[in-house]
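What follows is the residue order along each chain.
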Amino acid sequence: MIDLSVLIANSPTSDLAGQNCIENAKNSHKKGMVYLVGAGSGDPELLTLKAWRVMQRAEVVLYDSLVSEDVLDMCASTAEKIFVGKRRANHALSQQSINELLVKHALAGKTVVRLKGGDPFIFGRGGEELQEVVRHGIYFESIPGITAASAAASRAGIPLTHRDHAQSVKFITACKKNGAPNNDYKELLDTTQTVVFYMGLHRLHDLPLGVILP
């Protein structure tokens, strides 16, 4: 395990300029702040240093099912930790309730970390949550994480865009919002691109894997 505290302590002063800007913004706002943080694949050593800094200052942490215990343990020990995870057909809270919690704690002047598995903006509803935060005039910052597609492929030694085989990569979700139109899977038959399916295990019968896979 890398000792991040040593890395931070030995960082040049210039590396901390972003942190100083954040502190100044915090002091200039009566409202709290919301940080949308990507927890990545679950390995704490793959978090960004910026994510670690923010997690250490958190007063409230709203975390998902895919956030590992090792990552959660990197948050401030004094932070209030609230589980808001979703699993198939088993949601701890509705999305609307999660949005309301973010706003509630931020308006109470708290530093809120919304800790999401992978990257918050890759099928993570991060955009929906920030829309609600912005609607209430709350300061926010988004910190990216490693999404499942690149994490899994990299771990297996599989490049998503090897120049001899793939000119592009496409991320597809098999779990759509109610009422959303069906995907046009014809475009996935392009053999020069890599196709990555998210959340498709229980919807294999709906996916045209027979024509996509050799």
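Residues numbered from 1 in each chain as written. Predicted model: local features only at pLDDT ≥ 70, side-chain atom pairs only at ≥ 80, totals over all residues. Heavy atoms only, no water.

Q: Quick question: what am I supposed to make of the overall build of the protein here?
A: Looking only at helices and strands, the protein features 8 helices and 9 strands. Here the analysis covers contacts within the protein between residues at least 6 apart in sequence; of these, 65% occur between residues at least 24 apart. In the structure as shown, the protein presents an accessible area of about 12,600 Å², 53% of it carried by carbon and sulfur atoms. (Helix = DSSP H or I, 4+ residues; strand = E, 2+ residues; numbered from the N terminus. Contact = heavy atoms within 4.5 Å. Areas by Shrake-Rupley, 256 points an atom, 1.4 Å probe, with all protein chains shown as cover.)

Q: Would you take a moment to explain the packing of helix H5 (residues 95-107) against helix H6 (residues 126-135) for this structure?
A: When two helices pack together, their arrangement is captured by the angle between the axes and the distance separating the axes. Between H5 and H6, whose axes approach to 9 Å, the crossing angle comes to 45°. By the angle class used here, H5 and H6 are oblique. Considering the relative orientation of H5 and H6, their crossing is right-handed. On H6, the residues that touch Gln 95, Gln 96, Ile 98, Asn 99, Leu 102 and Val 103 of H5 are Glu 128, Glu 129, Glu 132 and Val 133. The residue makeup of the contact of H5 with H6, split by class, is 4 nonpolar, 3 polar and 3 charged. (Axes fitted to C-alpha atoms, helices over the stretch in contact; angles between N-to-C directions. Parallel < 35°, antiparallel > 145°, perpendicular 65-115°, else oblique. Left-handed = near helix turned anticlockwise from the far one by under 90°. Nonpolar A, V, L, I, M, F, W, Y, C, P; charged D, E, K, R; others polar.)

Q: Explain helix H7 (residues 148-155) to me, please; I cannot follow it from the model alone.
A: Quick reminder: α-helices carry 3.6 residues per turn. Residues three or four places apart thus point the same way. Turning to H7, its buried residues are Ala 149, Ala 151 and Ala 153. On its buried face, H7 sits against strand S8 (168-173) and strand S9 (193-198). Directly beyond the C-terminal end of H7, a positive phi value near 75° is found at Gly 157. (Buried < 20%, exposed > 50% of the residue type's maximum accessible area, 1.4 Å probe, protein only.)

Q: What's the story with the packing of aromatic side chains in this structure? I'm lost.
A: The geometry of an aromatic ring pair comes down to the distance between the two centres and the angle between the two planes. A complete count under the given rule lists 3 aromatic pairs for this structure. Judged by centre distance (5.0 Å) and plane angle (65°), the ring pair of Phe 123 and Tyr 198 falls under edge-to-face. Pair noted here: Phe 123 is in the loop between strand S6 (111-116) and H6 and Tyr 198 is in strand S9, with a separation of 75 residues, a long-range link. For Phe 123, a relative accessible area of 35% gives the class partly exposed. (Phe/Tyr/Trp six-rings, centres within 6.5 Å; stacked < 30°, edge-to-face > 60°.)

Q: Would you explain the environment of Lys 50 in this entry?
A: With respect to the element layout, Lys 50 can be found in helix H3 (residues 49-56). Here Lys 50 falls in the partly exposed class, since its relative accessible area comes to 34%. With 93 residues separating them along the chain, Lys 50 and Ile 143 place their C-alpha atoms 7.5 Å apart. Here the side chain of Lys 50 touches Glu 141 through a polar contact of 2.5 Å, side chain to side chain. (Polar contact = N/O pair within 3.5 Å; in protein donor to acceptor, adjacent residues only side chain to side chain.)

Q: Mind showing me how you'd approach the nonpolar core here?
A: Generally speaking, a soluble globular protein has its nonpolar side chains buried in company with each other. In this structure, Val 37, Met 55, Val 61, Val 113 and Leu 115 are the most contacted members of the largest nonpolar core, which totals 22 residues. For this core, the secondary-structure elements that each account for two or more residues are strand S1 (33-38), H3, strand S2 (60-63), helix H4 (69-72) and S6. With 4 residues, the single largest contributor to this core is H3. Apart from the residues lying within four places of it in its own chain, the contact partners of Val 37 are Ala 51, Val 54, Met 55, Val 113, Arg 114, Leu 115, Lys 116, Pro 120 and Ile 143. Ranked by size, the runner-up nonpolar core spans 13 residues in total, among them Val 34, Val 60, Leu 62 and Val 133. (Core = buried A, V, L, I, M, F, W, Y, C linked by side-chain atoms within 4.5 Å.)

Q: Please clarify how the side chain of Glu 132 should be interpreted in this entry.
A: In this structure, Glu 132 sits in helix H6. Those residues in contact with Glu 132 that sit more than four places away from it in its chain are Gln 96, Asn 99 and Val 103.

Q: I'm lost on the pattern of salt bridges in this one. Help?
A: Two side chains bearing opposite charge may form a pair once their charged atoms approach each other closely. Tallied over the entire structure, the rule returns 6 salt bridges. A salt bridge links Arg 135 to Glu 132; the nearest nitrogen and oxygen atoms lie 2.9 Å apart. Taken together, the residues Arg 135 and Glu 132, both in helix H6 and 3 residues apart, mark about one turn of the helix. Looking at Arg 135, the relative accessible area reads 61%, which means it is exposed. By relative accessible area, Glu 132 is classed as buried at 14%. Overlapping salt bridges, with partners in common, bring together Asp 64, Arg 114, Lys 116 and Glu 129 in one network. (Salt bridge = Lys/Arg side-chain N within 4 Å of Asp/Glu carboxyl O.)

Q: Can you walk me through the side chain of Asp 119 in this structure?
A: Following the sequence through the fold, Asp 119 ends up in the loop between S6 and H6. Discounting residues that sit within four places of it in the chain, Asp 119 has contacts with Pro 144, Gly 145, Ile 146 and Thr 147.

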